[in-house]
Amino acid sequence: MSENPKDAAVTTPAQSAGAQLTKDAGPGDVLLKVTGLQKHFPIRKGLLQRQVGAVRAVDGLDFEVRAGETLGVVGESGCGKSTMGRLITRLLEPTAGTVEFQGKDITHLDAGGMRPMRRDVQMIFQDPYSSLNPRHTVGTIVGAPFRLQGVQPEGGVKKEVQRILSVVGLNPEHYNRYPHEFSGGQRQRIGIARALALNPKLVVADEPVSALDVSIQAQVVNLLDDLQQELGLTYVIIAHDLSVVRHVSDRIAVMYLGKIVELADRESLYKAPMHPYTKALMSAVPIPDPKRRGVKSERILLKGDVPSPISPPSGCRFHTRCWKATEICRTTEPALVELKPGQRVACHHPENFEDQAPQETVLLSAAKEAAELVPEAVLEESAETSAAVAAEVSEPPQEVSDPPEDVSEPPRDTDDK
Amino acid sequence: MSKPVKAALGEPAGVAPSDADDAFLSVRDLRIHFNTDDGLVKSVDGVSFDVRRGKTLGIVGESGSGKSVTSLGVMGLHRSANAKVSGEVWLDGQELIAADPDEVRRLRGRKMAMIFQDPLSAMHPYYTVGQQIVEAYRVHHDVSKKVAKQRAVEMLDRVGIPEPNKRVDGYPHEFSGGMRQRAMIAMALVNNPELLIADEPTTALDVTVQAQILDLIRDLQKEFGSAVIMITHDLGVVAEMADDLLVMYGGRCVERGPAESVFSEPRHPYTWGLLGSMPRLDREETDRLIPIKGSPPSLINLPEGCAFNPRCPYADIPKDNVTRTVRPELTEVGGRHWAACHMTQEQRQRIWTEEIAPKL
Ligand SMILES: Nc1ncnc2c1ncn2[C@@H]1O[C@H](COP(=O)(O)OP(=O)(O)OP(=O)(O)O)[C@@H](O)[C@H]1O
Ligand SMILES: Nc1ncnc2c1ncn2[C@@H]1O[C@H](COP(=O)(O)OP(=O)(O)O)[C@@H](O)[C@H]1O
Ligand code: SF4
Ligand code: SF4
Ligand SMILES: [Mg+2]
Ligand SMILES: [Mg+2]
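Bear in mind the structure is a predicted one, so any value in this text is a computation, not a measurement.

For the rest of this paragraph, the subject is the overall build of chain B. If you tally the helices and strands in chain B, you get 12 helices and 12 strands. Its C-alpha radius of gyration of 21 Å places chain B within 12% of the 21 Å reference for a compact globule of 360 residues. With the C-alpha coordinates of chain B rotated into their principal frame, the extents come out at 70 × 55 × 40 Å. Counting every position in chain B, which comprises 360 residues, the buried fraction comes to 56%. The long-range fraction of contacts in chain B, counting pairs at least 24 apart against all pairs at least 6 apart in sequence, stands at 64%. Of the roughly 14,900 Å² that chain B leaves accessible, carbon and sulfur atoms contribute 49%. Looking at charge distribution, chain B has the averaged site of its 43 positive side-chain charges lying 3 Å from that of its 50 negative ones.

Set out below in structure tokens:
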């Protein structure tokens, strides 16, 4: 959603990924920087409420958001997207890690210290129904930030609120109406108006359109786009819909079980995803074109469900479902590293790139099962970058050498749970 | 029970003639109206369609357009005092609207079954998944509990639940969302229904789980040759599953036809709007989406004439303001392809090729 997304996305190495880091607050500068961010929710049991474990909702995130850009965050339900959003807006206290806004560490600011910050960082919520107080008028709701911050706009609060209402495409005369008198799309506009009231720099939107009908989604997406252009806003947009995320984002972070597994500019991510999970996620999106039906050759089905964030798998968290997993994936967590300019990936055997652990040549048995759900064409592509997959794929329909191994294991249902 | 004869196709007003006499399910001019404190809600107002064995009909539309009410109507689940149901529902040669409720109840679960968006609403929290599948099976089969339980395990295995003989004794809340959906599918399919209605079966699920479930439904359909109705608001899902497509707006069908032609040559402005509103992964990204202005209508006060007229950019094209006074009937616009719009064939063709198609 930047001025010219196309130009920004197809970059040569020199221009890409944080090449211009030092100026102050100009477009492209780092506005928000997150390091080692964690949030573990304790699980307590018994009379004494002893802590017996923790939900590792967010488990070590590193990323930055640059002024004027839109960072999209995708991932499946429960992977920690909303928790991340609430951490960077400081609605939640992190368990560990730091959040810097405009170069200032805001991780441990108290309410007083956060106060000026609250103007600059705003949040839009998923549910346009429950996020607005039904007993307050639109005027009260959108005007609340002025009161809370003790800001007296020129010309008075009412006038300013009415101006903002017209900015988001609502009728200023609706000032005295109540939320229930509006449709879902209009309510989401009220939420957006409230977020914009104090002219923030960063807006974190958690599933801003997923509760809306498709036709209304498009209205809200276009509105967010217009507002960014007019007001120079920076967005973090959290969504599970990969088509929406591609449409709105300049860069995209893919999360799995509390971690970022891939962070890349939009073009690279969608054209040549490097993390196997990203690839699987994208292949699962149904394409609205019946002619492509039956072209099942591209769809990667994943085995089973996402594991629990209470005891995530060791090493790479995706190793229980990944068709490329080798021993190192089980034992060693891959770091999120920039393998290509503008594309960071946490994987030992990335797709579309050189193998990072070529010495690993034996697939885990879980990976062999996972591979049964992966189309031939995908396996062959994977084999190009993974010695272990290559060994499996190239193995001719074996005659005598190793039938026992495969037979001894039940082909399915070995989900270790 | 006297045996009425299925209405000749295309006879009652508002009925889109069908193609197939071999339809397994034929719905004719179905109307379901509810008396409420606010007024009469015309949730379904003259909808007709056919589904053949082994084929899938996709029903799409915005929320509140009448998709779920239509499907519950087919299942005979609208017999409450405030509901007025009329029209005909023919299932394998038998008419159900006028049929004895007990007879319809017997068919439900055996000949026709339903999968809902929210599995928790369809499963009882206090009984194990196995008990519920056993119950569903024994209603229609005179077998011992032991045999039925064996069948339940078999079905759970069939829908890809790991360790089915352990899981069969688990409670719904112990299952993840995707597994619950599988368990409900197992329950719906335990009697090998010939008609399966899936109402937003994957809307609450993640894409990767959705892919698993759609794959499962497709496989089972292939295996049993069932007729399937797939209700969704996701055009991607219908494109993947449906042979035929029915687009609903304001309780009525505004366009229907073979999925391929509805996607490649849509003929109703609302369908254009749906396609334009949606970002697509399979295309170069567009700078802007083309939303439909305004919001969906209230089914109590549907706009006069074409219900879509307040939101339609072309409402002034048909002459004499007819769009705002006369309700357009479905007319044939291509092979087995019908649309309800006052514009002429030429006008629609021109707008589609010049204005809409290039922007999609
Ligand atoms: N207050 C809390 N106490 C305990 N666990 C929590 C709490 N909030 C979130 N969690 C858990 O943390 C994990 C991440 O939750 P989060 O809401 O961030 O997911 P999400 O990615 O936003 O998912 P969705 O797409 O469903 O919104 C989940 O396992 C969730 O159950
Ligand atoms: N039992 C009922 N009583 C009154 N109105 C109902 C009832 N069930 C559904 N409706 C109304 O019928 C319309 C269509 O609903 P539905 O078929 O559920 O829509 P959808 O297309 O989202 O599935 C809605 O306006 C809904 O409020
Ligand atoms: S190849 Fe290994 S590191 Fe990469 S995603 Fe698969 S399991 Fe994780
Ligand atoms: S009948 Fe008129 S309002 Fe309705 S879709 Fe056609 S042009 Fe638009
Ligand atoms: Mg969330
Ligand atoms: Mg519904």
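Let's shift gears to the sheet that holds strand E4 (residues 83–91) of chain B. Residues and elements named next belong to chain B. Strand order in the open sheet formed by four strands is E2-E1-E4-E5, with antiparallel pairing between adjacent strands. Across the chains shown, the open sheet's two edge strands, defined by having one partner strand only, are strand E2 (39–51) and strand E5 (94–95). Taken together, the 10 bridges between strand E1 (residues 25–36) and E2 define a ladder with antiparallel strand orientation. Counterpart to Thr 36 in the pairing with E2 is Gly 39.

Residue and element names in this part refer to chain A. Domains assigned within chain A are domain 1 (5–42 + 53–249) and domain 2 (266–288 + 300–396). The straight-line distance from the C-alpha centre of domain 1 to that of domain 2 is 32 Å. Facing the 21 residues of domain 1 at the interface are 18 residues of domain 2. Contact with domain 2 buries area across many residues of domain 1, yet Glu 76, Leu 242 and Arg 246 alone supply 32% of it, more than any other trio. One can count two salt bridges joining domain 1 with domain 2. Between Arg 344 and Glu 64 there is a salt bridge, with its nearest N and O atoms 2.8 Å apart. The interface formed by domain 1 and domain 2 contains six residue pairs in polar contact (both at pLDDT 80 or more). Of all the secondary structure elements, the ones that give two or more residues to the side of domain 1 that touches domain 2 are helix H1 (5–9), strand E2 (50–66) and helix H8 (242–248). Residue contributions to the side of domain 1 that touches domain 2 peak at six residues, all from E2.

Following the sequence through the fold, A:Ser386 ends up in the loop between helix H13 (376–383) and helix H14 (387–394). Apart from the residues within four sequence positions on either side, A:Ser386 is in contact with A:Lys324, A:His349 and A:Asp355.

Below, the discussion takes up helix H4 (residues 129–140) of chain B. Among the residues of H4(B), those classed as buried are B:Val129, B:Gly130, B:Gln132, B:Ile133, B:Val134 and B:Tyr137. In this fold, the buried residues of H4(B) make contact with helix H5 (145–158) and helix H7 (177–189) of chain B.

Residue and element names in this part refer to chain B. Near ligand 2 lie 13 residues; those nearest to it are Ser 43, Gly 64, Lys 67, Ser 68 and Val 69. Measuring from an oxygen atom of ligand 2, one finds a backbone N or O atom of Lys 67 at 2.8 Å. Residue Ser 68 places a side-chain N or O atom 2.7 Å away from an oxygen atom belonging to ligand 2. Its free accessible area being 560 Å², ligand 2 has 64% of it covered by the protein chains.

It is worth spelling out the interface of chain B and chain A at this point. Taken together, the 54 residues of chain B in the interface contact 48 residues of chain A. Both sides together, the interface formed by chain B and chain A hides about 4,500 Å², and carbon and sulfur atoms give 52% of it. Of all residues in chain B, B:Thr208, B:Leu281 and B:Glu285 give up the largest surface area on contact with chain A, accounting jointly for 17% of the area buried on that side. The tally of links from chain B across to chain A stands at two salt bridges. Across the salt bridge formed by A:Arg299 and B:Glu240, the nearest N and O atoms sit 2.6 Å from each other. Across the contact surface, chain B and chain A share 16 residue pairs in polar contact (both at pLDDT 80 or more). Listed by contribution, the elements that provide at least two residues to the side of chain B that touches chain A are helix H8 (207–224), helix H9 (235–241), helix H10 (259–264) and helix H11 (269–277) of chain B. For the side of chain B that touches chain A, the leading source of residues is H8(B), giving nine residues. Residues that form the side of chain B that touches chain A fall into these classes: 22 nonpolar, 13 polar and 19 charged.

About the thresholds
Residues numbered from 1 in each chain as written. Chains lettered and ligands numbered in written order. Predicted model: local features only at pLDDT ≥ 70, side-chain atom pairs only at ≥ 80, totals over all residues. Heavy atoms only, no water. Helix = DSSP H or I, 4+ residues; strand = E, 2+ residues; numbered from the N terminus. Rg over C-alpha atoms; globule rule 2.2 N^0.38 Å. Buried < 20%, exposed > 50% of the residue type's maximum accessible area, 1.4 Å probe, protein only. Contact = heavy atoms within 4.5 Å. Areas by Shrake-Rupley, 256 points an atom, 1.4 Å probe, with all protein chains shown as cover. Lys, Arg positive; Asp, Glu negative; His and termini not counted. Charge placed at Lys NZ, Arg CZ, Asp CG, Glu CD. Pairing = 2+ DSSP bridges. Domains from an automatic or database assignment. Buried area = accessible area lost by both parts, 1.4 Å probe. Salt bridge = Lys/Arg side-chain N within 4 Å of Asp/Glu carboxyl O. Polar contact = N/O pair within 3.5 Å; in protein donor to acceptor, adjacent residues only side chain to side chain. Near = heavy atom within 4 Å. Nonpolar A, V, L, I, M, F, W, Y, C, P; charged D, E, K, R; others polar.

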